[in-house]
Amino acid sequence: MEESLSVNHLLGIKEISQTDIQLIFKTADNFKTVINRPIKRVPTLRDITIANIFFENSTRTRISFELAEKRLSADVVNFSSSSSSVTKGETLIDTVNNILAMKVDMVVMRHPAPGAAIFLAQNTNTQVINAGDGTHEHPTQALLDAYSIREKLGEVKGKKVAIIGDIMHSRVALSNILCLQKLGADVMVCGPATLIPKHIKHLGVEVEYNLQKALEWCDVANMLRIQLERQNTKYFPSLREYTMQYGLNRKTLEGLSKKITIMHPGPINRGVEITSEVADHSQSIILDQVENGVAIRMAVLYLLAMKRA
Ligand code: CP
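Residues numbered from 1 in each chain as written. Predicted model: local features only at pLDDT ≥ 70, side-chain atom pairs only at ≥ 80, totals over all residues. Heavy atoms only, no water.

**Considering the packing of helix α2 (residues 60-71) against helix α11 (residues 286-306)**
Two measures define how a pair of helices packs: the angle their axes make with one another and the distance between the axes.
Right, so step 1: The contact between α2 and α11 brings their axes to 8 Å, and the two run at 55°. Judged on the interaxial angle alone, α11 and α2 are oblique. Pair α2 / α11 crosses with right-handed handedness. Across the interface between the two elements, Arg60, Thr61, Ser64, Phe65, Leu67, Ala68, Glu69 and Arg71 of α2 pack against Val290, Gly293, Val294, Arg297, Met298 and Leu301 of α11. (Axes fitted to C-alpha atoms, helices over the stretch in contact; angles between N-to-C directions. Helix = DSSP H or I, 4+ residues; strand = E, 2+ residues; numbered from the N terminus. Parallel < 35°, antiparallel > 145°, perpendicular 65-115°, else oblique. Left-handed = near helix turned anticlockwise from the far one by under 90°. Contact = heavy atoms within 4.5 Å.)

See below:
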């Protein structure tokens, strides 16, 4: 019997198992070969229609999902809240039910409210993929991050990964912590005390407030941006002071006792959390992460579509 996911939706890393993650990686390996061929398209999802509904801005995730869907030959419709009837007062459920009435099979949603994807899955009759819900989860980002570590370092198990920056407001941080731990990595978070949630130790992560110590500890540093759009109070005196304490520059990177891998989910604020020299450094795999995002999203879409049969 063909292997299948244990879930009908991808709402968060919390809801999936280590076996699910390994199946997604194995499937992504095949799709990565496909997207590097001259003809990048397979007919796998040609009977499926997918709506990408984005209530928040996105570059990487939106384009990556759309490309993944098109590479699988799905029909694709894109919805952005600013040009929709949401601005006239329509609810999320009414909006999605109207889209589903047009015979859409699957919904990829980004929304500013934590839990929005779970709410949608519980209240509509469609398969839902969470493309980022507020400060909660961003499962496909965590999957492509872990996949990129596996590609670069051979495996995730036993690797030390430091997630550095604005942990408090980051859905990438939570999904990464859950995914990396399920795969057997050791995880540390590092940043100003004001940007690290008080109870994060309960997740089994190490907490470090000193950037140099975190960098010396890790094999991989995943640098996060400061999410100013989610901050309604000041968590540090100024961006300049944040950069002095937590910004990674080439001198610090090259002065470490071992070579570490640099990651960033994007969007990058060059000169704040990392300098351009670090972003473009030979130890950075930032654009590999973006490339892997398409293969991972093809794998997730394919495996969820197989659950429909
Ligand atoms: N990493 C990520 O989610 O980027 P976007 O906000 O551009 O989609």
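**Focus: the site of the ligand**
Right, so step 1: In the vicinity of the ligand, the contacting residues are Ser58, Thr59, Arg60, Thr61, Arg110, His138, Gln141, Pro265 and Gly266.
Right, so step 2: Contact distances for the ligand include 2.6 Å between an oxygen atom and a side-chain N or O atom of Ser58.
Right, so step 3: A distance of 2.6 Å separates an oxygen atom of the ligand from a polar atom in the side chain of Thr61.
Right, so step 4: Surface burial for the ligand is 92%, taken as the share of its 250 Å² of free accessible area covered by protein chains.
Right, so step 5: When the residues that make up the shell around the ligand are grouped by side-chain class, the tally is one nonpolar, six polar and two charged.
Right, so step 6: Mapped onto the domain boundaries, the shell around the ligand takes at least three residues apiece from domain 1 (13-137 + 290-308) and domain 2 (139-286). (Near = heavy atom within 4 Å. Polar contact = N/O pair within 3.5 Å; in protein donor to acceptor, adjacent residues only side chain to side chain. Areas by Shrake-Rupley, 256 points an atom, 1.4 Å probe, with all protein chains shown as cover. Nonpolar A, V, L, I, M, F, W, Y, C, P; charged D, E, K, R; others polar. Domains from an automatic or database assignment.)

**With respect to the pairing of strand β2 (residues 75-80)**
Right, so step 1: Strand direction decides the pairing type here: strand β1 (residues 49-54) and β2, joined by six bridges, are parallel. Paired with Ile53 across the bridge in β2 is Phe79.
Right, so step 2: Once the chain exits β1 it traverses α2 before rejoining the sheet at β2, and the crossover so formed is right-handed. (Pairing = 2+ DSSP bridges. Right-handed = clockwise from strand over helix to strand, strands pointing away.)

**Remarks on the domain arrangement of the protein chain**
Right, so step 1: According to the domain assignment, the protein chain consists of domain 1 (13-137 + 290-308) and domain 2 (139-286).
Right, so step 2: Computed from C-alpha atoms alone, the centre-to-centre distance between domain 1 and domain 2 is 26 Å.
Right, so step 3: Listed as interface residues are 30 residues of domain 1 and, on the opposing side, 25 residues of domain 2.
Right, so step 4: Of the roughly 2,400 Å² buried where domain 1 meets domain 2, counting both sides, 59% is carbon and sulfur surface.
Right, so step 5: Where domain 1 meets domain 2, there are three salt bridges. (Buried area = accessible area lost by both parts, 1.4 Å probe. Salt bridge = Lys/Arg side-chain N within 4 Å of Asp/Glu carboxyl O.)

**Comments concerning the side chain of Asp166**
Right, so step 1: Tracing the chain through its elements places Asp166 in the loop between β5 (160-164) and α6 (171-182).
Right, so step 2: One buried charged residue, Asp166, remains without a salt bridge, the closest side chain of opposite sign being Arg225 at 7.4 Å.
Right, so step 3: In terms of polar contacts, Asp166 uses its side chain to reach the side chain of His169, at 3.0 Å.
Right, so step 4: A polar side-chain atom of Asp166 sits 3.0 Å from the main-chain amide nitrogen of Gln227.
Right, so step 5: Residues in contact with Asp166, not counting those within four places in the same chain, are Leu195, Leu224, Arg225, Ile226, Gln227, Gln231 and Tyr242. (Buried < 20%, exposed > 50% of the residue type's maximum accessible area, 1.4 Å probe, protein only. Lys, Arg positive; Asp, Glu negative; His and termini not counted.)

**Here we look at the packing of helix α1 (residues 18-35) against α11**
Right, so step 1: Relative orientation of the contacting elements α1 and α11 amounts to 120°, with a least axis distance of 8 Å. What the angle tells us is that α1 and α11 run oblique. Crossing hand, α1 versus α11: right-handed. Packed against α1, whose contacting residues are Leu23, Ile24, Phe25, Thr27, Ala28, Phe31, Lys32 and Ile35, the element α11 presents Glu291, Asn292, Val294, Ala295, Ile296, Met298, Ala299, Val300, Tyr302 and Leu303 at the interface.
Right, so step 2: Residue composition of the contact of α1 with α11, by class: 14 nonpolar, two polar and two charged.

**Quick notes on the sheet that holds β2**
Right, so step 1: Pairing in this open sheet of four strands is parallel, and the strands run β2-β1-β3-β4 from one edge to the other. Each end of this open sheet is capped by a strand with a single partner; those strands are β2 and β4 (127-133). Adjacent strand axes in the sheet meet at a mean angle of 15° when their direction is disregarded.
Right, so step 2: Seen against the sheet, α2 touches β1, β2, β3 (106-111) and β4 and runs at an angle of roughly 175° to β1.

**With respect to the packing of aromatic side chains**
Right, so step 1: Counted under the stated rule, the structure contains five aromatic pairs.
Right, so step 2: Residues Phe31 and Tyr302 carry aromatic rings whose centres are separated by 5.7 Å and whose planes lie at 75° to one another, so their mutual orientation is edge-to-face. With Phe31 in helix α1 and Tyr302 in helix α11, this pair connects stretches of sequence that are 271 residues apart. An identical accessibility class is assigned to Phe31 and Tyr302; each is buried. (Phe/Tyr/Trp six-rings, centres within 6.5 Å; stacked < 30°, edge-to-face > 60°.)

**Some remarks on the sheet that holds strand β6 (residues 186-190)**
Right, so step 1: If you walk across this open sheet you meet the five strands as β7-β6-β5-β8-β9, and the pairing is parallel. Both edges of this open sheet fall to β7 (206-208) and β9 (261-263), since each of them pairs with a single strand only. Averaged over all neighbouring strand pairs, the angle between strand axes comes to 25°, with direction disregarded.
Right, so step 2: Bridge count for β5 against β6 is five bridges, and the pairing is parallel. Residue pairing across strands places Ile163 opposite Val189, the latter belonging to β6.
Right, so step 3: Those strands touched by helix α5 (residues 139-153) are β5, β8 (220-223) and β9, and its axis lies near 160° from that of β9.

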